[in-house]
Amino acid sequence: MAGGITDIKKLEYEIYKYSSYSSSYLPENIREDNPTNQTSRWSSNTNSPPQFLVLKLERPAIVTKIKFGKYEKTHVCNLRKFKILGGLEEDRMTQLFEGGLKNDSVPETFNLKHRTNSGELLPIKFIQIVPLLSWGPSFNFCIWYVELLGIEDSIFILSNLRKYNMLREVEIVRLFMKHCRQQGYVKAFSALQEETGVRLEDEKMTELHEILVNKGDFKKTEGILVDFINSGLMDDYLLRQEYKPHWSLQLTPEQESRPGRRGGHQLIIDPLTSTIYLYGGWDGSEDLSDLWSYDVKSNRWTLIHENSELLDGPSPRACHKMVYDTKNSQIFMIGRYLDSASRTEENINSDFYLYNTISKTWCLISNDTAQVGGPQLVYDHQMCIDVEKQTIYVFGGRILEPKFSFSFRNEEETTGDYKYSGLFSYHISTNTWNHILVDCGHPSAASPHVQSIKSRVTHSMLFHHKHRKLYIFGGQRGKDYMTDFLIYDVDSSELTNMTPENVGTDSKNVPQSGFTQRATIDCEKDEIYVLTSLSKEKERRELNINSFWLFSLAKKEWCCVYKSDHSIGENCYLKNQNVCAEPCPRYAHQIVYDATNQVHFLFGGNPGMNSHIRLDDFWMLRLEKPTRDNILRYCKYLLRKQEYEEIAKTDPLSAISYLQTKLYDIIDHNDPAQLKEFHKLASLLFKSDSTDCETEPTSLLACPLGGSLKSNSQKHPNEHEPNEDNAKIMRVESPKSTDEADASSISSLSSECSSSQTARAIPSTSSSFSSRTRKANDQKFELKIRRCLLYNKLVDLLPENLCQPKKNISDFVLL
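Only a predicted model underlies this, so the values are computations on that prediction, with no experimental measurement involved.

S.K.: Explanation requested: the pairing of strand 32 (residues 494–497) in the structure shown.
M.R.: Across a regular strand the side chains alternate sides, sitting on one face of the sheet and then on the other. For strand 31 (residues 485–489) and strand 32, the ladder comprises 4 bridges, and the chain directions are antiparallel. For Y488, the partnering residue across the bridge sits in strand 32 and is L495. Hairpin connection, strand 31 to strand 32: the antiparallel pair is bridged by 4 residues, and S493 has positive phi, about 60°.

Shown next as structure tokens:
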């Protein structure tokens, strides 16, 4: 079909408007791509907002991409943050993109929003580029070159314009219908619906409005909401809520054995049995070779053996890596750190071990993988396993080599000219290695036939068994802190660099580079989790924070789930660690993710206090979101609060009884915030009718996990029962609509509309109605307004395609 969505071409445009320009750096310059000419750019005359360029297309088009050219070198005026708006009219534009440019010489292309929320293609004629921040914060903004890409086939665009205008017409009608219903124009509402055939909302929502707003049947409304929740209509809202982190220190009885203090150890988990394995590490004095298991269900450590060498296992070590093969119940281990004095020809061998957790035996697979096509001896590398294909991947790490002289060692450590290992794969069944990607510093990397990668240490690498991709990010190479996010497709052998949506816009929105990172992945949720903490680098020690980050692979966005400034004190490394509510910053620690119970476990590490102190604290981190029970409790609270307020105005004695039963039952009286809201409700009984009842909750109701409405405080906070109903108390975030104008729209019209309602019901020539009747009518209308506001709150919890429009007519009327 001509003009299809695949027929993308370069679009012509003119400079329509601009905020300012500096010297000879005219806006017209952005139409020419001349990266070697420093004057071929637009530069604003100031960096004071608002600064902008408005581009006008020759004709309406579907603009799908925008390309930014750059100068041949980095430049302080490059846009670190900007946004792009677009529309058919210059004064009515919607946001199409927000992001930032890298400060380099490589042109960048970004996808623009080109569909409406309902999925229809969005024709536009005007594009506005709004700079927000330059790489030099005090410098003016520069744009070197802009190219627009999209579809401008006239027949195709005309067809989509018709569809777009029809959608606009429907939305205009729906806005009028919403306004009519809110203000009580019943006849106008019915006539508009009959004339146009447009429905304001789904029939379920219309029924809810009728029962709640018009009839005030709160009991039946509760029943409808229960049905909504049980059928999953509020699940999307629950999924959009942020995680709430809950740390708990996993204590075991004093008489039971448990691993000692250490850093540089390894943790892995068998997800099928929820068993964690811990091996080795450095205790501050020597390397260890003990192997432990931890049963998540029973909260119990077991020492499998204290010295693996006595069982033909590996030598004591730290900074090694392990993976667990769930198919064969086997642990694979490779790598270790050796100090300079130990790096002799005899010791520099990359041994590769296997431990069978069923037979409890060790097996030396290879004495030196470098001799059979595998990596040299490395440390601070990463290791993943593809269980389905029985393939192990090893990437990065610093290569250890024999030290032949003091001068050689001193030169390497002074210049930072270290060698790094590339990406290797090991096929378990055939016992063969493959060098997939060489490090960019490898001699063969210059060959056009060799694919290379920029290796690093202290990075993260995770394997997504559904996407069949390796995700690599963070790390350090010499003094260079890495911020790239690499994706390697293990089936197609394609290496790509992904730029997350919010990287480059604000450094606070992404994990800080140079920190000790520990990462895990949930392949079912398409989420990557990263715990950052204390940096090993002395110059970065002031960045003393714990933070836990989530990266959504679906949205390609980072968000910070947890951040805490935690001063390092003696409680962090003394035995009496239960005085801490969360782990202190550290490095050389390890975390694992129990996907079955959806919890993280953290053990040990180096708190940075001195060279000999190590930690043996064992923490569990649970990330919690609201459940159906939570949102049901919240909905009941909103309904009962409204019903109570209505009863309190007419029958205070019945209101007291209602408060003591219906509302009392749904409040968690162990939660100070909820108790405060309950007391506010009680105070309504002592307010006059003229006093406005402002008792909106400061936060939504807290609910125990698992659906228990009653708080259970008898459990010890350190008891570990992953599936217990009263695991943690969590809060549901208040629903936030994209536009909160409903309340102001209705409230601002309340007095006028109540008078209007009275005027419509009562002829102006009549004098038989007393002021009491007029007041009763006003109160009745005010009551309907409050119910309408409650209905709007419930609308925010439900899918948008079922509900009335979020906006109001008043949003578009300016007087």
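Still more to cover.
S.K.: What am I meant to see in the packing of aromatic side chains here?
M.R.: Where two aromatic rings form a pair, the distance of their centres and the angle of their planes describe that pair. Applying the stated criterion across every chain yields a total of 37 aromatic pairs. For the pair Y471 and F485, a centre-to-centre distance of 6.3 Å together with 75° between the ring planes defines the contact as edge-to-face. Taken together, the residues Y471 in strand 28 (residues 469–473) and F485 in strand 31 connect sequence positions 14 residues apart. The pair formed by Y471 and F485 is uniform in burial state, with each residue classed as buried. Among the aromatic residues, those joined into a ring-pair cluster are W292, Y294, W301, F601, F603 and F618. The ring of Y13 has R31 sitting right over it, with the charged end atom 5.9 Å from the ring centre. For the cation-ring pair, K625 lies above Y243, with the distance from its terminal atom to the ring centre recorded as 4.6 Å.

S.K.: Quick question: what am I supposed to make of the packing of helix 1 (residues 154–183) against helix 2 (residues 186–196) here?
M.R.: In helix packing, the relevant descriptors are the interaxial angle and the interaxial distance, both defined with respect to the helix axes. For the pair helix 1 and helix 2, the least separation of the axes is 8 Å and the interaxial angle reads 155°. Between helix 1 and helix 2, the interaxial angle falls into the category roughly antiparallel. The two elements helix 1 and helix 2 cross, and the hand of that crossing is left-handed. Touching V173, F176, M177, C180 and R181 of helix 1 are A188, F189, L192, Q193 and T196, all from helix 2. Class assignment of the residues belonging to the contact of helix 1 with helix 2 gives a composition of 7 nonpolar, 2 polar and 1 charged.

S.K.: Which parts of the structure should I look at to understand the environment of I124?
M.R.: When you line up the elements, I124 lands in strand 8 (residues 124–134). For I124, a relative accessible area of 2% corresponds to the buried category. Along the backbone, I124 and E90 are 34 residues apart, and their C-alpha atoms lie at a distance of 9.8 Å. Setting aside residues up to four positions removed in sequence, I124 forms contacts with L57, R59, P60, A61, V63, G86, G87, L88 and L96.

Calculation notes
Residues numbered from 1 in each chain as written. Predicted model: local features only at pLDDT ≥ 70, side-chain atom pairs only at ≥ 80, totals over all residues. Heavy atoms only, no water. Pairing = 2+ DSSP bridges. Helix = DSSP H or I, 4+ residues; strand = E, 2+ residues; numbered from the N terminus. Phe/Tyr/Trp six-rings, centres within 6.5 Å; stacked < 30°, edge-to-face > 60°. Buried < 20%, exposed > 50% of the residue type's maximum accessible area, 1.4 Å probe, protein only. Lys NZ or Arg CZ within 6 Å of the ring centre and 35° of its normal. Axes fitted to C-alpha atoms, helices over the stretch in contact; angles between N-to-C directions. Parallel < 35°, antiparallel > 145°, perpendicular 65-115°, else oblique. Left-handed = near helix turned anticlockwise from the far one by under 90°. Contact = heavy atoms within 4.5 Å. Nonpolar A, V, L, I, M, F, W, Y, C, P; charged D, E, K, R; others polar.

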